[in-house]
Amino acid sequence: MWSAGCMEQWMPTAAMVATNVVIAIMTALIKQALNQGMNRLVLITFRQMVATVFLGPIAYFKERKMRPKFTAEIFMYMFLSGILGPVLLQYTLFVGLDYTTATFAATFSNMLPVVTFLISLAFRFEALEVRSMSGSAKISGTLISLGGAMMLTFYKGSALTHTTSPISPAASSSGHGQAGGQHGKVRWVLGSVSMLANVVGFALWLLLQRKFTKKYPAVYSATAFMSLFSFIQAGALTLSIERSTVAVWALKGTVEIVTVVYCGVVASGMGYLLLTYCVEKRGPVFTAAFSPLSQIFVAGIDLFILHEPLYLGSVLGSVLVILGLYMVLWGKKEEASRNAVASAKPVQAEVEQQEKV
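The structure reproduced in this document is the subject of the present report. (Residues numbered from 1 in each chain as written. Predicted model: local features only at pLDDT ≥ 70, side-chain atom pairs only at ≥ 80, totals over all residues. Heavy atoms only, no water.)

1. With respect to the overall build of the chain
Part 1: Along its length, the chain carries twelve helices and zero strands.
Part 2: Taken from the N to the C terminus, the helices and strands of the chain come in the order α-α-α-α-α-α-α-α-α-α-α-α.
Part 3: Counting all 357 residues of the chain, 43% fall into the buried class. (Helix = DSSP H or I, 4+ residues; strand = E, 2+ residues; numbered from the N terminus. Buried < 20%, exposed > 50% of the residue type's maximum accessible area, 1.4 Å probe, protein only.)

2. Notes on empty space enclosed by the protein
Part 1: One pass over the full model with this rule turns up one cavity of 30 Å³ or more.
Part 2: Quantified by volume, the largest cavity comes out at close to 70 Å³.
Part 3: Along the walls of the largest cavity sit Thr101, Thr103, Phe104, Trp188, Ala299, Asp302, Leu303, Glu308, Pro309, Leu310, Tyr311 and Ser314, which together make up its complete lining.
Part 4: Contributing elements (two or more residues each) for the lining of the largest cavity: α4 (102-109) and α11 (291-304).
Part 5: For the lining of the largest cavity, a count of residues per class yields seven nonpolar, three polar and two charged. (1 Å grid on protein atoms, 1.4 Å probe; cavity = no way out; pocket = protein on both sides within 12 Å on 5 of 7 lines; lining within 4 Å. Points joined across faces, edges and corners; volume = space filled by probe spheres on them. Nonpolar A, V, L, I, M, F, W, Y, C, P; charged D, E, K, R; others polar.)

3. Considerations on the packing of aromatic side chains
Part 1: Applying the stated rule across the entire model yields eleven aromatic pairs.
Part 2: Judged by centre distance (6.3 Å) and plane angle (25 degrees), the rings of Phe75 and Phe79 are stacked. Of this pair, Phe75 and Phe79 both sit in helix α3 (residues 72-99), four residues apart, roughly one helical turn.
Part 3: Assessed through its relative accessible area of 36%, Phe75 is described here as partly exposed. (Phe/Tyr/Trp six-rings, centres within 6.5 Å; stacked < 30°, edge-to-face > 60°.)

4. Some remarks on the packing of α4 against helix α6 (residues 133-154)
Part 1: Between α4 and α6, the shortest axis-to-axis distance is 11 Å and the interhelical angle comes to 160 degrees. One finds that α4 runs roughly antiparallel with respect to α6. Both α4 and α6 take part in a crossing whose hand is left-handed. Contact residues: Phe104, Thr107 and Phe108 in α4; Ala149, Leu152 and Thr153 in α6. (Axes fitted to C-alpha atoms, helices over the stretch in contact; angles between N-to-C directions. Parallel < 35°, antiparallel > 145°, perpendicular 65-115°, else oblique. Left-handed = near helix turned anticlockwise from the far one by under 90°. Contact = heavy atoms within 4.5 Å.)

5. Details of the pattern of salt bridges
Part 1: One pass over the structure, following the stated rule, counts three salt bridges.
Part 2: A salt bridge links Arg40 to Asp98; the nearest nitrogen and oxygen atoms lie 2.8 Å apart. Placement of the pair is Arg40 in helix α2 (residues 40-63) and Asp98 in helix α3, with a sequence separation of 58 residues.
Part 3: Since its relative accessible area comes to 19%, Asp98 is described here as buried.
Part 4: The partner of Glu73 in a salt bridge is Lys215, with the nearest N and O atoms 3.2 Å apart. Of this pair, Glu73 sits in helix α3 while Lys215 sits in helix α7 (residues 175-215); the two residues are 142 residues apart in sequence, bridging distant segments of the chain. (Salt bridge = Lys/Arg side-chain N within 4 Å of Asp/Glu carboxyl O.)

6. Quick notes on the packing of α3 against helix α8 (residues 219-241)
Part 1: Running from amino to carboxyl end, α3 crosses α8 at an angle of 65 degrees, the nearest separation of the two axes being 8 Å. Comparing their axes, α8 and α3 come out roughly perpendicular. The two elements α3 and α8 meet at a crossing, and its hand is right-handed. Along its contact with α3, which presents Phe75, Met78, Phe79, Ser81, Gly82, Ile83, Pro86 and Val87, the element α8 presents Ala222, Phe225, Met226, Phe229, Ser230, Gln233 and Ala234.
Part 2: The residue inventory of the contact of α3 with α8, partitioned by class, reads eleven nonpolar, four polar and no charged.

7. What to know about α3
Part 1: For α3, with 28 residues, the first-to-last C-alpha span of 39 Å sits near the 40 Å given by 1.5 Å per residue.
Part 2: Taken as a whole, α3 carries its principal kink of about 25 degrees at Leu88. (Expected span 1.5 Å × (residues − 1). Bend = angle between axes of the 7 residues up to and from the residue.)

8. Topic: the environment of Phe125
Part 1: Mapped onto the elements, Phe125 comes out in the loop between α5 (112-122) and α6.
Part 2: Sequence-wise, Phe125 and Leu207 are 82 residues apart; in three dimensions their C-alpha atoms are separated by 9.3 Å.
Part 3: For Phe125, the contacting residues outside a window of four places in its chain are Ser120, Leu207 and Arg210.

9. What to know about a nonpolar patch on the surface
Part 1: A cluster of nonpolar residues, Phe70, Phe75, Met76, Phe79 and Leu80, forms a patch on the protein surface that exposes about 430 Å² of accessible area.
Part 2: Relative to the helices and strands, Leu80 resides in helix α3. (Patch = residues over 30% accessible without salt bridge, like charges linked within 9 Å, V, L, I, M, F, W, Y side chains within 5 Å. Areas by Shrake-Rupley, 256 points an atom, 1.4 Å probe, with all protein chains shown as cover.)

10. What about the nonpolar core?
Part 1: Grouped together as the largest cluster of nonpolar side chains are 47 residues, with contacts concentrated most on Ile30, Phe94, Leu97, Phe108 and Met111.
Part 2: In terms of residue count, the dominant contributor to this core is helix α1 (residues 4-35) (eight residues).
Part 3: Ranked by size, the runner-up nonpolar core spans nine residues in total, among them Tyr77, Phe212, Tyr216 and Ala218. (Core = buried A, V, L, I, M, F, W, Y, C linked by side-chain atoms within 4.5 Å.)

11. Some remarks on the side chain of Ser132
Part 1: As for its placement among the helices and strands, Ser132 is situated in the loop between α5 and α6.
Part 2: Looking at Ser132, its side chain comes within polar contact range of the side chain of Ser134, at 3.2 Å.
Part 3: Polar contacts involving the side chain of Ser132 include one to the main-chain amide nitrogen of Gly135, which spans 3.1 Å. (Polar contact = N/O pair within 3.5 Å; in protein donor to acceptor, adjacent residues only side chain to side chain.)

12. Topic: the side chain of Ser230
Part 1: Note on placement: Ser230 falls in helix α8.
Part 2: Polar side-chain contacts of Ser230 include one of 3.0 Å to the side chain of Gln48.
Part 3: With residues near it in sequence (within four places) discarded, Ser230 still touches Gln48, Gly82, Pro86 and Val87.

These figures capture arrangement, not role.
Next comes the structure, spelled out in structure tokens:
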């Protein structure tokens, strides 16, 4: 029998593994739905609608006694969080998934702590001690991760597994084969740029949330309101673009229905609750350290279920991105430990002084 202490110790780890499984399945489902021709904005609209319906009652009952007053400033924060987060970030993610592979998109997501660190440094939210071990690790890790991202973008390499491309290597010598190959390269680069925009946008969104949560600490209510705003925003955008096409709103087939429900309830709802629990218990560095797990799960689904090819450039780039990620995380952990020790010394000295008196 496990003791309560042991359960408490291992629960965050189990929750992070479960979260990454949720993310991997979500990525694979979205990739399948997009491959079947589902409209990206329609998917965002339905997903945020389901998330609003799921999170709304939870937020109402859990935080009804601690919900801050709804002001014009809070409204603007929620409006910007909705348009930048669920709408623009999901759209760039979907373009990246559509033009590349699920494994590739998951690899790029591992750059989030690195990009967040660079933006925090630019806005002076974070200091950097170049001569310290932690500072050197963060600089080296950032450069290695950026090198991995460049390799992912510009070096596809040969397929290490079976390929589903309709253009065979032999056909590449013909004019049609060359045109198709060139088109595929352009799509790959566009997908890479879209994923880079997604990661940069996500880092900016996290910094926005950092300020927002201080003003509106009711996280469940904030997420529910943000889902509601993004549902309205994505719906209005879809109507303005697809105003003459009613058929685009129809969910066709089991995959599209399952994708909408799973993304709204499991990914946006339960996944968020698990992630919030882990950040509360162990902090953001602990949660970020598990992000490569989702890439491993996605790669397995990609290879064995979606039958997507695995490219040499993706493998080499992934190794560099993950190596850089852990170097940055190690540097941040060392820096946090040093700051904790430094802040504890004055308190300890004051206690010793009082004991002497």
